[in-house]
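Close look at the chain arrangement
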Amino acid sequence: MEISLEKAAELLKKSRNTVALTGAGISVESGIPPFRGKGGLWETMDPMEFAHIRAFRNNPEKVWDLLLRTMKDVLEKARPNPAHHALADMEKTGKLEAIITQNIDGLHQAAGNKKVIEFHGSFARIICTDCHRSLPIQELFLEELPPLCTCGGILRPDCVFFGENIPEDALYTAQEYSISCDLMLVIGTSAEVWPAADLPRMAKNRSALILEINPEPTSLTPISDGLLRGRAGELLPQLVARVQG
Ligand code: NAD
């Protein structure tokens, strides 16, 4: 059900424990394409060729090449947009407990949020598949692909590929926040990727309200308590201004 900004602001004002779940859509206005939907990466490439752990294990060189061509530049140039800044304001003023993000772009932290659970890891770090040494992506030596660790192991991005488990810490912390919140803002996610898509459902089962911000309805919309239909970068600052004003 679509609702107005006024109604959404009322829900937010009443909430004592708001948590945000964000997805690729919140970073679209920062110039990072989403996977699904209009302009999504999947219009031009097969996700199983670069986003599945099997693809990485079978041919790490090809996956690294694709990731570097499609993601590295885009992520390096991207800056937080008004939606990221609005969430940072909410945390500063005590109106937001935490953000659970499916994004690997680091833009919530760049905007100033401190409590950010990176559910799918981060593209800012790389790890060795053998010795598990972790290093910033800036230290990646790209003369040859796949990049190798000093121990000889293959380096990989510290993100969760399809077919992999969510790191335990991130999973449990996200579940804790989801079952304890009374309002979950679900922003820019198609809610198609599991187990992330389960988090709003867990919150709902514990009687939390679900408020979506998305230009399109999603599979979650039938159980959500309201859809603010439009771009996060336009709607979130207006919503926060109404709550603070
Ligand atoms: P998705 O690509 O499946 O869906 C994007 C959603 O965002 C859609 O529902 C779309 O309608 C909505 N959207 C588009 N523009 C928007 C805007 N301006 N404001 C608000 N919403 C907007 O994204 P997902 O659900 O996050 O799942 C994709 C997976 O891909 C995630 O697990 C994530 O790790 C990964 N991913 C991350 C990034 C990133 O880090 N920025 C980018 C692409 C994909």
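Worth saying up front: this structure is predicted, and the values here are computed from it rather than measured. (Residues numbered from 1 in each chain as written. Predicted model: local features only at pLDDT ≥ 70, side-chain atom pairs only at ≥ 80, totals over all residues. Heavy atoms only, no water.)

Before going further, it helps to examine the pairing of strand E8 (residues 209–214). Among the 6 residues in E8, 5 count as buried, and that is most of the element. In this structure, strand E7 (residues 183–187) lies alongside E8, joined through 5 bridges in parallel fashion. Bridge pairing in E8 places Val186 opposite Glu212. In this region the chain leaves E7, passes through helix H7 (residues 198–205) and returns to the parallel neighbour E8; the handedness of that crossover is right-handed. As paired elements, E8 and strand E9 (residues 226–229) share 4 bridges and run parallel to each other. Counterpart to Glu212 in the pairing with E9 is Leu227. (Buried < 20%, exposed > 50% of the residue type's maximum accessible area, 1.4 Å probe, protein only. Helix = DSSP H or I, 4+ residues; strand = E, 2+ residues; numbered from the N terminus. Pairing = 2+ DSSP bridges. Right-handed = clockwise from strand over helix to strand, strands pointing away.)

It is worth spelling out the UniProt feature "domain: Deacetylase sirtuin-type" (unreviewed entry) in the protein at this point. The positions that UniProt labels "domain: Deacetylase sirtuin-type" (unreviewed entry) are, in the present scheme, residues 1–245. Here residues 1–245 is 34% helix and 18% strand, with 26 Å between the C-alpha atoms at its ends. (UniProt positions renumbered as here; feature names shortened; annotations may be inferred.)

Here the protein is partitioned into domain 1 (1–31 + 80–120 + 166–245) and domain 2 (33–77 + 123–159). Look at where the C-alpha atoms of domain 1 and domain 2 centre, and you get two points 27 Å apart. Tallying the contact residues gives 10 residues for domain 1 and 11 residues for domain 2. With a closest N to O distance of 3.5 Å, Arg125 and Glu118 form a salt bridge. At the boundary of domain 1 and domain 2, one finds 1 residue pair in polar contact (both at pLDDT 80 or more). (Domains from an automatic or database assignment. Contact = heavy atoms within 4.5 Å. Salt bridge = Lys/Arg side-chain N within 4 Å of Asp/Glu carboxyl O. Polar contact = N/O pair within 3.5 Å; in protein donor to acceptor, adjacent residues only side chain to side chain.)

So, on to H7. All of the buried residues in H7 are Leu199, Pro200, Arg201 and Ala203. Where H7 is buried, its residues meet strand E1 (18–22), strand E2 (98–101), helix H6 (168–180), E7 and E8. Taken from the residues just after H7, Ser207 is the one with a positive phi, measuring 75°.

Next up on the list: the packing of helix H1 (residues 5–14) against helix H8 (residues 232–244). At a minimum axis distance of 9 Å, the contact between H1 and H8 shows a crossing angle of 60°. Viewed along their axes, H1 and H8 adopt a mutual orientation that is oblique. As H1 runs across H8, the sense of the crossing is right-handed. Residues Leu5, Glu6, Ala8, Ala9, Leu12 and Lys13 of H1 pack against Leu235, Gln238, Leu239, Arg242 and Val243 of H8. When grouped by side-chain class, the residues that make up the contact of H1 with H8 number 7 nonpolar, 1 polar and 3 charged. (Axes fitted to C-alpha atoms, helices over the stretch in contact; angles between N-to-C directions. Parallel < 35°, antiparallel > 145°, perpendicular 65-115°, else oblique. Left-handed = near helix turned anticlockwise from the far one by under 90°. Nonpolar A, V, L, I, M, F, W, Y, C, P; charged D, E, K, R; others polar.)

Enumeration according to the criterion identifies 1 aromatic pair in this entry. Between Phe56 and Phe161 the ring centres are 5.3 Å apart and the planes differ by 35°, which places this aromatic pair in the tilted class. Remark: Phe161 occurs in the loop between strand E6 (155–159) and H6 and Phe56 occurs in helix H2 (residues 53–58); sequence separation between them is 105 residues. Pair check on accessibility: Phe56 and Phe161 agree, each one buried. (Phe/Tyr/Trp six-rings, centres within 6.5 Å; stacked < 30°, edge-to-face > 60°.)

Further remarks concern the pattern of salt bridges. If you walk through the whole model with that rule in mind, you get 10 salt bridges. Note that Lys204 is salt-bridged to Asp225, the shortest N-O span being 3.0 Å. Here Lys204 is found in helix H7, whereas its partner Asp225 is found in the loop between E8 and E9, with 21 residues between them in sequence. Here Asp225 falls in the partly exposed class, since its relative accessible area comes to 22%. The shortest N-O distance in the salt bridge between Arg229 and Glu216 comes to 3.5 Å. On the criterion of sequence distance, the pair formed by Arg229 in strand E9 and Glu216 in the loop between E8 and E9 is long-range, its members being 13 residues apart. One salt-bridge network, in which partners are shared between bridges, spans Glu2, Glu216 and Arg229.

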